[in-house]
Amino acid sequence: MKQVLGSSWALLLGIGLLMVGNGLQASLMGVRGTIEGFTTFELSVLTSAYFLGFLGGSRLTPELIRRVGHVRVFAALGSFVSAVLILFPAVTEPWAWVVLRVIIGFSFSGVYVTAESWLNNAASNENRGQALSLYMIVQMGGIVAAQAILAMGDPSGFVIFIIPSVLVSISFAPILLSISPTPAFGTSKSMKLRELFRISPLSIVGMAIMGGVFAAVFGMSSVYAAEIRLSVGQISTFIAAFFVGPLVLQYPIGWISDRVDRRKLIMTVALIGGASALAGYVLASSFTALLIVAFILGGTANPLYSLFIAYMNDYLEPDDMAAASGGLIFVNGMSAIVGPIATGWMMGALGAHAYWLFIAALMLAVAGYSLYRMTQRPSIAVEDTAAYVGVMPTASPVALEAAQEWAIEQSEAEEE
């Protein structure tokens, strides 16, 4: 761990600052949008616009890097992020914010691709797993720290938008100044979705469903909190709880997953997440209950993303694991685009607390489909399963491929 920190602390610091900026702007959209009088549906469209841009960035940035290089792409997209953050309070119209959200989603995605490729290049085969773990901790920690800034600021003002712009601009320094040679960039050819579904229907269906869950948690939680009239301090604490949960529960769930039938674990984790969402609907009048629900839901939803990747790897040859990354991200990304619209529609038709019903329905659908798949295919022996690697749903194809490479290395080491 010390070796990873010694060689990559500047990169991790820069990525942490990026995550603070991204986490702050995501929470601000729901709070400031409500203040400006945007409808729930309009706010859901804003959330979808971010994920549309994010998916586009993950697919187009690799080509941009091949044409003009890492440094130019990183600087250009980072500049777009800083500029767009300042424009939000200057043009408070829903249609303008939709355009800005597409741009900022694209830019953040591209910045992650570039930064993660540097981080992956800095890691060795011996410490790649530790580097990925630290990266996930930094991502989660950045989002949690963003909520502390939100609690201290005034979402109706201008300054609170300047802060993430400044943080993103500052993040360039440790990343760019710490880089010596730029890494060679290449991505694996993606496997077709039809082939991936044939290999593991549970992973593809599960990734599609979890895209909607993550979009609701990352994009619509602030909208829900603002709709039920929580204070700014309560909103920031509520959102932070969603990301503290995975920090605490990711490792134990990953440890268990390497020792049991993953389908049973997926079903159990999804059931716990679905039950917690139902509890959120029933106990919504208690802020303490909402914090507990957010902690449990975040702590189950994020590991499920990694569980589906690990389960897919159980049925892949090592050479195909990295190739599967693109298809998995695409399925998850498409669902994340649609998810907020569905959430917003339900909240508009049934009231703000339908937010919990939407998430509960998705989590329970995962549990039900997992149970069904257990009747369709025998389980794999635990000793033949691939290694679990914790990654965030915000991870770019570069980080996911790095996680796949680490899983391959672990499998080969176990065989030897």
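Structure: above.
Now for a description of the structure that goes with this document. (Residues numbered from 1 in each chain as written. Predicted model: local features only at pLDDT ≥ 70, side-chain atom pairs only at ≥ 80, totals over all residues. Heavy atoms only, no water.)

1. Description of the overall build of the chain
Each helix and strand counted, the chain has 14 helices and zero strands in total. Along the chain, from the amino end to the carboxyl end, the secondary structure elements read α-α-α-α-α-α-α-α-α-α-α-α-α-α. Within the chain, residue pairs in contact and separated by at least 24 positions form 88% of the contacts whose partners lie at least 6 positions apart. Approximately 15,900 Å² of the chain is accessible, and the part contributed by carbon and sulfur atoms is 65%. (Helix = DSSP H or I, 4+ residues; strand = E, 2+ residues; numbered from the N terminus. Contact = heavy atoms within 4.5 Å. Areas by Shrake-Rupley, 256 points an atom, 1.4 Å probe, with all protein chains shown as cover.)

2. Considering the pattern of salt bridges
Enumeration over the complete set of coordinates arrives at seven salt bridges. With a shortest N-O distance of 3.3 Å, E63 and R67 are connected by a salt bridge. Separated by four residues within a single helix, E63 and R67 lie in helix α2 (residues 40–68), roughly one turn from each other. In this structure, the salt-bridge partner of D258 is R262, at a minimum N-O distance of 2.7 Å. The buried category is assigned to R262, whose relative accessible area is 2%. (Salt bridge = Lys/Arg side-chain N within 4 Å of Asp/Glu carboxyl O. Buried < 20%, exposed > 50% of the residue type's maximum accessible area, 1.4 Å probe, protein only.)

3. Here's the deal with unusual backbone geometry
One non-glycine residue, R229, lies in the positive phi region at around 65°. Turning to its location among the elements, R229 is positioned in the loop between α8 (201–227) and α9 (232–257).

4. Remarks on empty space enclosed by the protein
Tallying each qualifying case throughout the model produces seven cavities of 30 Å³ or more. For the largest cavity, the calculated volume is near 170 Å³. Along the walls of the largest cavity sit 16 residues, with F51, F54, N332, G333 and P393 positioned nearest its centre. Broken down by secondary-structure element, the contributors of at least two residues to the lining of the largest cavity are α2, α8 and α12 (318–350). If you tally residues by element for the lining of the largest cavity, the top one is α2, at five residues. (1 Å grid on protein atoms, 1.4 Å probe; cavity = no way out; pocket = protein on both sides within 12 Å on 5 of 7 lines; lining within 4 Å. Points joined across faces, edges and corners; volume = space filled by probe spheres on them.)

5. Quick notes on the packing of aromatic side chains
Here the structure, examined in full by the defined rule, presents 22 aromatic pairs. Ring pairs connect the aromatic residues Y50, F51, F54, F108, Y112, F214, F218 and F243, which therefore count as one cluster. Cation over ring: R377 sits above Y315, and NZ or CZ is 4.0 Å from the ring centre. (Phe/Tyr/Trp six-rings, centres within 6.5 Å; stacked < 30°, edge-to-face > 60°. Lys NZ or Arg CZ within 6 Å of the ring centre and 35° of its normal.)

6. What to know about the environment of Y251
Structurally, the position occupied by Y251 is in helix α9. Among the residues examined, Y251 registers a relative accessible area of 64% and is labelled exposed. Remark: the alpha-carbon pair of Y251 and G390, spanning 139 residues in sequence, is separated by 7.7 Å.

7. Digging into the packing of α9 against helix α11 (residues 287–314)
Think of two packed helices as two axes; the pair is described by the angle between the axes and how far apart they sit. Where α9 meets α11, the axes come as close as 6 Å, and the angle between the chain directions of the two elements is 45°. Taken together, the axes of α9 and α11 are oblique relative to one another. As α9 runs across α11, the sense of the crossing is right-handed. (Axes fitted to C-alpha atoms, helices over the stretch in contact; angles between N-to-C directions. Parallel < 35°, antiparallel > 145°, perpendicular 65-115°, else oblique. Left-handed = near helix turned anticlockwise from the far one by under 90°.)

8. Notes on α2
Given a rise of 1.5 Å per residue, 29 residues ought to cover 42 Å, and the 40 Å separating the end C-alpha atoms of α2 matches this to within 8%. In the structure, α2 departs most strongly from a straight axis at L60, where the bend amounts to approximately 40° and where the proline P62 lies between one and four residues downstream. Two residues or fewer past α2, G69 is found with a positive phi of approximately 100°. (Expected span 1.5 Å × (residues − 1). Bend = angle between axes of the 7 residues up to and from the residue.)

9. Brief notes about the environment of F38
Mapping F38 onto the fold places it in the loop between α1 (2–35) and α2. Sequence-distant contacts of F38, defined by excluding residues within four places in its chain, comprise G33, L43, L46, T92, E93, P94 and W97.

10. Looking at the side chain of D314
In this structure, D314 sits in helix α11. Assessed through its relative accessible area of 11%, D314 is described here as buried. Side-chain polar atoms of D314 contact the side chain of R262, separated by 2.8 Å. (Polar contact = N/O pair within 3.5 Å; in protein donor to acceptor, adjacent residues only side chain to side chain.)

11. Let's talk about helix α13 (residues 354–374)
Relative to the 30 Å expected for 21 residues at 1.5 Å per residue, α13 spans 30 Å between its end C-alpha atoms, a close match to the ideal helical length. All buried positions along α13 are accounted for by A354, Y355, W356, F358, I359, A360, L362, M363, V366, A367, S370 and R373.

12. Points about the packing of α2 against α8
Their axes nearest at 10 Å, the elements α2 and α8 cross at an angle of 155°. Taken together, α2 and α8 sit at an angle that is classed as roughly antiparallel. α8 is crossed by α2, and the crossing has right-handed handedness. For the pair α2 and α8, the contacting residues are T40, L43, S44, T47, Y50 and F51 in the first and F214, A215, F218, G219, M220, V223 and E227 in the second. Class assignment of the residues belonging to the contact of α2 with α8 gives a composition of eight nonpolar, four polar and one charged. (Nonpolar A, V, L, I, M, F, W, Y, C, P; charged D, E, K, R; others polar.)

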